[in-house]
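Given next are the chains, with one letter for each unit.
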Amino acid sequence: MFNLILFGPPGSGKGTQSEKIIEKFNLVHLSTGDLLRSQIAQQTPLGLEAKKLMDKGHLVPDEVVVGMISSALDANTSAKGFLFDGFPRTAAQALALDNLLELKQAPISVMLALDVSEEELVKRLIKRGETSGRTDDVNEEIIAARVLEYKTKTEAVADYYRQYNKVVIVAGEGSVNEIFERLGAEIESRL
Ligand code: B4P
């Protein structure tokens, strides 16, 4: 089993690249952002609570996202591998994921971390906000809050995997296809 984490700040291209990676390498895509937006669309109690936090640019509680990932792993027992997109986002989530994967004897193979300047991140998210209808992309204040959450809570996740030599930094600026080629080369060298 090949398990990959695609890591990076909001707007670094995780969702964009994930679509291409899962198609080429036949992995199951687990995006906590997508799972939460699906709960919001269905107006479940979990979705309504999550929306309040997401609209402010804050993270959703660890136990909520860990529960969603645990259920998704159980629902995909025949997967040949998983691509984790937007998860883990805190050190506690990273520990919980390791425990879940230990039960499957299928640890994380690599964390590919997209490197994008803050100026470019804000530009991309503002542009997406013009058409996506995503309430967390609508203004620079909310985007700044998301970047702050990333710096204070999420960046440490890379340190967690660095101690196991599992982090590879990938340049995240350029065309979508150029970045996909860089990511694909890293994946192929590990399969
Ligand atoms: P996510 O859905 O993960 O949103 P994101 O970090 O903004 O990344 P996303 O994948 O959407 O954007 P991408 O970089 O692909 O999370 C949303 C919220 O959910 C979080 O803020 C949090 O509240 C909550 N949440 C999710 N997971 C959680 C967790 N584990 N714990 C707690 N809370 C959690 O792309 C951005 C834009 O850039 C796109 O418009 C794209 O078209 C553009 N783009 C991509 N590549 C480009 C390129 N090469 N050049 C130019 N533009 C490009």
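Residues numbered from 1 in each chain as written. Predicted model: local features only at pLDDT ≥ 70, side-chain atom pairs only at ≥ 80, totals over all residues. Heavy atoms only, no water.

Caption draft 1: A look at the site of the ligand. Residues in close proximity to the ligand total 29 residues, the closest being G13, G15, T32, H58 and R146. Residue S12 places a main-chain N or O atom 3.1 Å away from an oxygen atom belonging to the ligand. Measuring from an oxygen atom of the ligand, one finds a side-chain N or O atom of R134 at 3.0 Å. Bound to the protein, the ligand loses 88% of the 1,000 Å² it would expose on its own. Those elements that place two or more of their residues in the shell around the ligand are α1 (14-25), α2 (32-41), α6 (118-129) and α8 (176-188). With 4 residues, α2 is the single largest residue contributor to the shell around the ligand. Looking at the shell around the ligand residue by residue, the classes come out as 10 nonpolar, 11 polar and 8 charged. (Near = heavy atom within 4 Å. Polar contact = N/O pair within 3.5 Å; in protein donor to acceptor, adjacent residues only side chain to side chain. Areas by Shrake-Rupley, 256 points an atom, 1.4 Å probe, with all protein chains shown as cover. Helix = DSSP H or I, 4+ residues; strand = E, 2+ residues; numbered from the N terminus. Nonpolar A, V, L, I, M, F, W, Y, C, P; charged D, E, K, R; others polar.)

Caption draft 2: Fine view of unusual backbone geometry. Here F87 and P88 are connected by a cis peptide whose omega angle stands at -5°. Considering the arrangement of structural elements, one finds P88 in the loop between β3 (82-85) and α5 (91-103). In the Ramachandran plot, N26 falls in the positive-phi region, its phi being about 60° despite a non-glycine side chain. In this structure, N26 sits in the loop between α1 and β2 (28-31). A relative accessible area of 52% places N26 in the exposed class. Phi at N165 is positive, roughly 55°, even though this residue is not glycine. Mapped onto the elements, N165 comes out in the loop between α7 (140-162) and β5 (167-171). Judged by relative accessible area, which is 72%, N165 ranks as exposed. (Buried < 20%, exposed > 50% of the residue type's maximum accessible area, 1.4 Å probe, protein only.)

Caption draft 3: Up close: α5. The end-to-end C-alpha distance of α5, which contains 13 residues, comes to 19 Å, matching closely the 18 Å that a straight helix rising 1.5 Å per residue would cover. Along α5, the residues that are buried comprise Q93, A94, A96, L97, L100 and L101. Down the axis of α5, the sector holding all buried residues measures 165°, keeping them to one side. Structural note: α5 exposes E102 and L103 on the side pointing more than 90 degrees away from its buried face. On its buried side, α5 packs onto β1 (3-7), α4 (62-74), β3, β4 (108-115) and α7. Two residues or fewer after α5 comes Q105, characterised by a positive phi angle close to 50°. (Expected span 1.5 Å × (residues − 1). Arc of directions from axis to C-beta. Contact = heavy atoms within 4.5 Å.)

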